[in-house]
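Structural overview for review
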Amino acid sequence: MTELTVPRDADQERAAELVRDHVTVGDVVQVWERDRTGGDDPEVVGEVTGIEPGYLELDGQPPGEGSVRYDRIGTVTRVEPA
């Protein structure tokens, strides 16, 4: 697994740049949001199907239904194939 933690002070543009540099379409990722309140389970797990302006598309879903806006991403972990 390879992990990226987005700095808390990163704006949406910087967060998007960091995520784009870390993942590619086809990667399976786990995403934890910035303001999570505990727990070890990721908020979202899925395959990157698009690196869109404004959000990371997972499993072809729109934001709020599986995809995550860049400004909400705290940590992205690429899951290596077994």
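Look a little higher up for the structure.
Notes on the structure in this doc start here. Computed from a predicted structure; not experimentally measured.

Some points on the overall build of the chain
Within the chain one finds 1 helix and 6 strands. Taken from N to C terminus, the helices and strands of the chain fall in the order β-α-β-β-β-β-β. The C-alpha atoms of the chain give a radius of gyration of 11 Å, which matches the 12 Å a tight globule of 82 residues would have. Along the first, second and third principal axes, the C-alpha atoms of the chain reach 35 × 30 × 25 Å. Among the 82 residues that make up the chain, the fraction classed as buried is 39%. Of the contacts made within the chain by residues no fewer than 6 positions apart, 51% connect residues no fewer than 24 positions apart.

Remarks on the environment of Arg78
Structurally, Arg78 is set in strand 6 (residues 73-79). In this structure, the C-alpha to C-alpha distance between Arg78 and Val23, residues 55 residues apart in sequence, is 7.2 Å. A distance of 2.7 Å separates the side chain of Arg78 from the backbone oxygen of His22, its partner in a polar contact.

Details of helix 1 (residues 12-22)
Think of an α-helix as 3.6 residues a turn; residues three or four steps apart then line up on the same face. Of all the positions in helix 1, only Ala15, Ala16, Leu18, Val19 and His22 are classed as buried. One side of helix 1 carries all its buried residues, which in axial view fall inside an arc of 165°. In helix 1, the exposed positions that point more than 90 degrees away from the buried face belong to Glu13 and Asp21. The secondary structure elements touched by the buried residues of helix 1 are strand 1 (2-5), strand 4 (55-58) and strand 6.

Cut-offs used in this document
- Residues numbered from 1 in each chain as written.
- Predicted model: local features only at pLDDT ≥ 70, side-chain atom pairs only at ≥ 80, totals over all residues.
- Heavy atoms only, no water.
- Helix = DSSP H or I, 4+ residues; strand = E, 2+ residues; numbered from the N terminus.
- Rg over C-alpha atoms; globule rule 2.2 N^0.38 Å.
- Buried < 20%, exposed > 50% of the residue type's maximum accessible area, 1.4 Å probe, protein only.
- Contact = heavy atoms within 4.5 Å.
- Polar contact = N/O pair within 3.5 Å; in protein donor to acceptor, adjacent residues only side chain to side chain.
- Arc of directions from axis to C-beta.

These figures come from the coordinates and say nothing about function on their own.
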